[in-house]
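Breakdown of the fold
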Amino acid sequence: RPYSSASASKALLLAAELRSLKETGEPLDSSTKTLLEAMITYSDNDAGGGVYARVGDVGLEEVAERAGMRDFEVDPGFWGGARINAGDMARFYYRLERNLVGRYRDYAMGLLANVTSTQRWGIPAAAGGGWRIWFKGGWRPSGQEGTTGAVTHQAALLVHRSGQRLGLAVLSTEAPGEGGGFSAIEGITERLLAK
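Position numbers for residues count from 1 along each chain, tracking the sequence in the order it is written. Thresholds applied to this predicted model are a pLDDT of at least 70 for local features of residues and 80 or more for the giving and counting of side-chain atom pairs; totals over whole chains, interfaces and linings are not thresholded and use all residues. To get the side-chain values, take all heavy atoms of the structure and skip hydrogens and water.

Let's talk about the overall build of the protein
- Runs of E in the DSSP output that reach at least two residues are strands. Runs of H or I that reach at least four are helices, and both are numbered from the N terminus. A count of helical and extended segments in the protein gives eight helices and five strands.
- Sequence-ordered secondary structure for the protein, helices as α and strands as β, is β-α-α-α-β-α-α-α-α-β-β-β-α.
- Values of the radius of gyration come from C-alpha atoms, whereas the globule rule sets the reference at 2.2 Å times the count of residues to the power 0.38. For 195 residues, the compact-globule estimate of 2.2 N^0.38 gives 16 Å, and the protein sits close to it at 15 Å.
- Based on the C-alpha atoms only, the size of the protein along its principal axes is roughly 45 × 45 × 30 Å.
- In what follows, residue pairs with any heavy atoms lying within 4.5 Å of each other are defined as contacts. Counting contacts in the protein only where the partners sit at least 6 residues apart, residues at least 24 apart contribute 62% of the total.
- Residue exposure ignores everything except the shown protein chains as possible cover, and the areas themselves are Shrake-Rupley values with a 1.4 Å probe. Taken as a whole, the protein presents about 9,000 Å² of accessible surface, with 46% of it coming from carbon and sulfur.
- Here Asp and Glu are counted as negative and Lys and Arg as positive; His is not counted, and neither are the chain ends. By convention, the point assigned to a charge is CZ for Arg, NZ for Lys, CD for Glu and CG for Asp. Of the side-chain charges in the protein, 22 are positive and 22 negative, and the distance between the mean point of each set is 8 Å.

Shown next, in the form of structure tokens:
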């Protein structure tokens, strides 16, 4: 089922920027680091817009194609309106290291591992000890003009100390917050990891 991505597409923007740096041979300078850190660790939308202005729809499409995301579609001119589904996002995260190309892969992985504590609901809250987690969420309340309505998403790579590796994505049309999308994603994750 397709969903509007909201900030879940910021992981693809991160991958597109790394791909661009690799192709041009340019270094990861301080202004780019500032954009990427704000976009991933704090989910800053202005930073997301700044990265999107650099990589565009073509950058997002290239990342999705190389990641094997079969149903990804851009919303031209709006990174947060890209169409995603859970299978594609889980596939992207399962192969995260391969999708974050170039010499700055470890830096990018560090960003996805260190999302601010206020956004560590859902998958990180449910996973508990034993799992290392790299993730990004996306959410939007209802009533925002020009959108498809409320969404709450998270997608992640989880690696257990036993070596088990899991790409997981939970996407919903639930409003963000406790008792809504945050709790729904946590509950689904708990059930999946209990098996």
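What about the side chain of S172?
- Residue position: S172 is located in strand β5 (residues 165-172).
- Judged by relative accessible area, S172 falls into the buried class, the value being 10%.
- Think of a polar contact as two N or O atoms within 3.5 Å of one another; within protein, one of them needs to be a possible hydrogen donor and the other a possible acceptor, and neighboring residues in sequence only count if both atoms come from side chains. Within polar-contact distance, the side chain of S172 engages the backbone oxygen of T152 at 2.9 Å.
- If we skip the residues at most four places from it in the chain, S172 touches Y3, A150, V151, T152, H153 and G181. Buried residues are those whose accessible area, probed at 1.4 Å on protein chains only, stays under 20% of the maximum for their type, while exposed residues exceed 50% and partly exposed ones sit between those limits.

Some words on the packing of aromatic side chains
- Any two rings among Phe, Tyr and Trp, with Trp reduced to its six-membered ring, count as a pair given centres within 6.5 Å; such a pair is stacked if its planes are under 30 degrees apart, edge-to-face if over 60, and tilted if neither. Applying the stated criterion across every chain yields a total of four aromatic pairs.
- A centroid spacing of 5.4 Å and a plane angle of 80 degrees characterise the contact between F92 and Y93, whose relative ring orientation is edge-to-face.
- Judged by relative accessible area, F92 falls into the buried class, the value being 0%.
- The exposure class assigned to Y93 is buried, which follows from its relative accessible area of 0%.
- To sit over a ring, a charge needs its Lys NZ or Arg CZ within 6 Å of the ring centre and within 35 degrees of the ring normal. Over the face of the ring belonging to Y94 we find R165, whose NZ or CZ atom lies 5.5 Å from the ring centre.

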